[in-house]
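# Examination of the molecular architecture
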Amino acid sequence: DAMVIQNPRYQVTQFGKPVTLSCSQTLNHNVMYWYQQKSSQAPKLLFHYYDKDFNNEADTPDNFQSRRPNTSFCFLDIRSPGLGDAAMYLCATSRDLGGRGYTFGSGTRLTVV
Amino acid sequence: AQKVTQAQTEISVVEKEDVTLDCVYETRDTTYYLFWYKQPPSGELVFLIRRNSFDEQNEISGRYSWNFQKSTSSFNFTITASQVVDSAVYFCALAKYNFNKFYFGSGTKLNVKP
């Protein structure tokens, strides 16, 4: 049974058109993360939520925002996608900030046209 | 600063060959975790192993084995009798003890040919 679910698996959006990616979890984990993985590169952390506390990585562009309305859901909003934002976006969760139970979702592959 | 180096960008082997994927890390922390993840073409990251810095015992799980050597800051991964299904990108990663993120290596793409 999938425990970290990302929808959709593939998303196509237009240049400059806002897009939202979704992540849900059934693990009741406190921490949710968003990673960006460009082609042939390692995943790069964008930000994470510890409960309702939002923590942005220093080099995450302002174009990327996130929302966590409740424990189960976390959204990644890209306000004005550029061609350089085409990537795989991976959601992950962990029980706490000690990384226990770190679990990745299957990812959403974003194409910008 | 934390850094993970996977010098092998891509490796090709023929099925049933053994293959070792290299991982070298840098950290000033005395307590940390090391990981290996598999990423098949479908894109999900599949957890393979987590090792803490105090446990230098080598581990074997079926055809997979890991060699952790603090003296050389290496955490190498060996697949014995490789299979086509092992074809994937493999990432080595480091995390601080109270971590909220991974420091990933650049990955090694393994091609196993029939």
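Residues numbered from 1 in each chain as written. Chains lettered and ligands numbered in written order. Predicted model: local features only at pLDDT ≥ 70, side-chain atom pairs only at ≥ 80, totals over all residues. Heavy atoms only, no water.

### Here's the deal with the state of the cysteines
Under the criterion given, the structure shown has two disulfides over all chains. Disulfide pairing is shown between cysteine 23 of chain A and cysteine 91 of chain A; the S-S distance is 2.0 Å. The S-S bond linking cysteine 23 of chain A to cysteine 91 of chain A shows a torsion near -70°; that makes this disulfide left-handed. Placement of the pair is cysteine 23 of chain A in strand 3 (residues 19–25) and cysteine 91 of chain A in strand 9 (residues 87–94), with a sequence separation of 68 residues. Residue classification places cysteine 23 of chain A among the buried residues on the basis of a relative accessible area of 0%. You can call cysteine 91 of chain A buried: its relative accessible area is 0%. Cysteine 23 of chain B shares a disulfide with cysteine 92 of chain B; S-S distance 1.9 Å. Between cysteine 23 of chain B and cysteine 92 of chain B, the S-S dihedral sits near -65°, and the bridge is therefore left-handed. Residue cysteine 23 of chain B is found in the loop between strand 3 (19–21) and strand 4 (24–26), and its partner cysteine 92 of chain B is found in strand 10 (residues 88–96); the two are separated by 69 residues along the sequence. Here cysteine 23 of chain B matches cysteine 92 of chain B in class, with each residue buried. Its sulfur unpaired, cysteine 74 of chain A is 6.1 Å from the next cysteine sulfur, which belongs to cysteine 91 of chain A. (Disulfide = S-S within 2.5 Å. Helix = DSSP H or I, 4+ residues; strand = E, 2+ residues; numbered from the N terminus. Buried < 20%, exposed > 50% of the residue type's maximum accessible area, 1.4 Å probe, protein only.)

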